[in-house]
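Chains, contacts and geometry: an overview
Letter by letter, the chains look like this.
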Amino acid sequence: NKALQDVKRLVRYFEKPDRQDLKVMLLGFADNIGSECINLSVSQKRADTVSRELESYGVKAAIAHGFGELSPVADNSTPDGRAQNRRVEVVVGAAN
């Protein structure tokens, strides 16, 4: 499955010694089907799921946060667009 391949790719990225101090932020998103409250919950669960999976490989996320249906990357009026909006984005930054 593509999501698991993406997690393993992230793990390989963080295996390098010069990257182990980097901060990982996981940002979960949802499509616009359902109430705002449900979409926030679903997007948070997405981010938490990725966080747990990364932790199982020894990579700890600094932040895992759900944003609901904010910031769509595709058109929510089509099934393909909604599928693209159901995602977790990974942001990597330097440790302070």
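Please read all numbers here as calculations on a predicted model, not as lab measurements.

Considerations on the sheet that holds strand 1 (residues 23–29)
With mixed pairing, the three strands of this open sheet are ordered in space as 2-1-3. In the strand order of this sheet, the two ends are held by strand 2 (63–66) and strand 3 (87–93), each with one partner. The sheet shows a mean angle of 15 degrees between the axes of neighbouring strands, taken without regard to direction. By the bridge criterion, seven bridges tie strand 1 to strand 3 in an arrangement that is antiparallel. Bridging from a neighbouring strand, Leu26 pairs with Val90 of strand 3. Where helix 2 (residues 36–56) meets the sheet, its contacts fall on strand 1, strand 2 and strand 3, and the angle it forms with strand 2 comes to roughly 155 degrees.

Reading the values: rules and limits
- Residues numbered from 1 in each chain as written.
- Predicted model: local features only at pLDDT ≥ 70, side-chain atom pairs only at ≥ 80, totals over all residues.
- Heavy atoms only, no water.
- Pairing = 2+ DSSP bridges.
- Helix = DSSP H or I, 4+ residues; strand = E, 2+ residues; numbered from the N terminus.
- Axes fitted to C-alpha atoms, helices over the stretch in contact; angles between N-to-C directions.
- Contact = heavy atoms within 4.5 Å.

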